[in-house]
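# Chain and residue survey
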Amino acid sequence: MGSLEEIENYAKENNIPIIQKQGIEFIENYIKENNVKAILEIGSAIGYSAIKMALIDNKIKITTIERDVERYNMAVNNIKNFNLTNQIDIILNDALDIEVNGKYDLIFIDAAKAQYIKFFEKFKSNLNDDGTIITDNLDFHGLCENIEMVKSRNLKALVKKINKYREFLVENKEFNTKFYKTGDGIAISKKIK
Ligand code: SAH
Ligand code: MG
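A brief report on the enclosed structure follows.

Cut-offs used in this document
Residues numbered from 1 in each chain as written. Chains lettered and ligands numbered in written order. Predicted model: local features only at pLDDT ≥ 70, side-chain atom pairs only at ≥ 80, totals over all residues. Heavy atoms only, no water. Helix = DSSP H or I, 4+ residues; strand = E, 2+ residues; numbered from the N terminus. Buried < 20%, exposed > 50% of the residue type's maximum accessible area, 1.4 Å probe, protein only. Polar contact = N/O pair within 3.5 Å; in protein donor to acceptor, adjacent residues only side chain to side chain. Contact = heavy atoms within 4.5 Å. Pairing = 2+ DSSP bridges. Axes fitted to C-alpha atoms, helices over the stretch in contact; angles between N-to-C directions.

## Topic: the side chain of Glu8
Tracing the sequence through the fold places Glu8 in helix H1 (residues 4-13). The exposure class of Glu8 is buried, given its relative accessible area of 18%. Here Lys21 takes part through its side chain, which lies 3.5 Å from a polar atom of the side chain of Glu8. Setting aside anything within four residues of it in sequence, one finds Glu8 in contact with Ile18, Lys21 and Tyr48.

Written out as structure tokens, the structure reads:
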């Protein structure tokens with residue numbers, strides 16, 4: 001795929017949960033306003049959000065992790081087609097099974113929702129001093145505020161996990177978090193100095 005539209009359409013047709021338009025615009029603005037240059041992304045899918053973020057500025061470097069080999073392969077191809085191999089490093093692995101050494105201005109958590117707390121706790125040490133963690137899908141299509149509407153057991157368990165993560169952020173003594181109802185719900189967590 002060589003254009004953003006093609007990636008968006010492919011994602012829609014194949015149920016690949018790439019970030020919503022509003023959500024990525026919000027993050028793009030954050031990156032510009034805060035002069036973010038080093039980004040760690042958990043959950044690449046087919047490379048859409050990484051490509052969008054890399055296109056903001058050629059000084060931006062991104063490390064992104066994906067555990068699904070099919071999606072990883074597609075992301076690799078898409079990144080090549082956009083000539084972004086010098087800006088985006090993609091790793092095929094489970095993010096919870098590997099160590100990442102770099103320090104980042106921004107960590108974008110956008111992988112398995114049931115494991116958000118684990119991702120947060122694991123990767124917070126990879127943040128620069130004034131670093132930020134952004135998390136996607138915290139409204140989960142509005143279900144988090146309306147858990148009584150969820151009938152399926154598995155889905156209910158997942159919504160509960162997301163609400164646990166929200167509580168974890170609210171109560172966190174190391175980070176200050178703001179929640180935004182943009183896209184599918186985004187949180188911005190900043191280290192308290
Ligand atoms: N950030 C992407 C969308 C990611 S969708 C975009 O907006 O374009 C979430 C992805 O996270 C899925 O492809 C899934 O395979 C991956 N994922 C889930 N848990 C993971 C884990 N523990 N480690 C690595 N990748 C994971
Ligand atoms: Mg998402």
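So that's the structure; there's more coming.
## Describing the sheet that holds strand S4 (residues 104-109)
Here seven strands make up an open sheet; going across it, the order is S3-S2-S1-S4-S5-S7-S6 and the pairing mixed. Each of the sheet's edge strands pairs with one partner strand only, and the pair in question is strand S3 (88-92) and strand S6 (175-180). Sheet twist, expressed as the average angle between the axes of neighbouring strands with direction ignored, equals 15 degrees. Summarising the sheet, strand S2 (residues 61-66) and S3 pair through five bridges and their orientation is parallel. Its bridge partner lying in S3, Ile65 is registered against Ile91. Relative to strand S7 (residues 186-191), helix H2 (residues 21-33) is tilted by about 25 degrees, and along the sheet it contacts strand S1 (38-42), S4, strand S5 (127-136), S6 and S7. Helix-sheet contacts for helix H4 (residues 69-81) involve S2 and S3, and the interaxial angle to S3 is about 165 degrees.

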